[in-house]
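Below are the chains, spelled out letter by letter.
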Amino acid sequence: MSTRRFRSLGVDPATGKEAFVIARPGGLLEELADTHALKAAAVLVTVVGAVLEAGRSSEAELAAFVPSLHAALEECVGIMAADRER
C-alpha cells in the first residue's frame, strides 16, 4: 500500500501560490497531479537537455539541476508505482 503524500497541482497565476492536495488513489485530483508532474518533468528534461547540448556550463551550474531532477524522478517513480498497485 502506498503512502499518501501532498501532490502539487501547479501554481495559481493570481496569487503565485502552489496548490497541494492529498489525492484519493484513482481519483480526478490524482490524475491532475500526475499530469502536472509529468508536464513539469518534461519541461525539466528539455531545459537540462538544452544546457547539456550547449556544453558551456560549469560543473557547479550543472549540479544546481540535481535537486530538481531528483524531485521530478521521485515523482515519476511514485506515479509508476501507484499505477502498478492498481
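Look up a bit, the structure's there.
Keep in mind that what you see is a predicted model, and the values were worked out from it rather than measured.

(A) View of the pattern of salt bridges. One pass over the full model with this rule turns up three salt bridges. Here Arg5 ties to Glu75 by a salt bridge, and the two come within 3.7 Å at their closest N and O atoms. Here Arg5, found in the segment before strand S1 (7–11), pairs with Glu75, found in helix H3 (residues 66–85); they are 70 residues apart in sequence, far enough to count as distant. Here Glu75 falls in the partly exposed class, since its relative accessible area comes to 22%. With a shortest N-O distance of 2.6 Å, Arg7 and Asp34 are connected by a salt bridge. Of the two residues, Arg7 sits in strand S1 while Asp34 sits in helix H1 (residues 28–54), which places them 27 residues apart along the sequence. A single burial state applies to Arg7 and to Asp34, both of which are buried.

(B) Looking closely at the side chain of Ser8. With respect to the secondary-structure elements, Ser8 resides in strand S1. By relative accessible area, Ser8 is classed as buried at 14%. Among the polar contacts made by the side chain of Ser8, one reaches the main-chain amide nitrogen of Gly10 at a distance of 3.1 Å. Only 2.5 Å separates the side chain of Ser8 from the side chain of Glu18, close enough to count as a polar contact. If near-sequence neighbours (up to four positions away) are discounted, Ser8 is found in contact with Glu18, Ala19, Phe20, Ala33 and His36.

Definitions and limits used
Residues numbered from 1 in each chain as written. Predicted model: local features only at pLDDT ≥ 70, side-chain atom pairs only at ≥ 80, totals over all residues. Heavy atoms only, no water. Salt bridge = Lys/Arg side-chain N within 4 Å of Asp/Glu carboxyl O. Helix = DSSP H or I, 4+ residues; strand = E, 2+ residues; numbered from the N terminus. Buried < 20%, exposed > 50% of the residue type's maximum accessible area, 1.4 Å probe, protein only. Polar contact = N/O pair within 3.5 Å; in protein donor to acceptor, adjacent residues only side chain to side chain. Contact = heavy atoms within 4.5 Å.

All quantities given are derived from atomic positions and should not be read as evidence of function.
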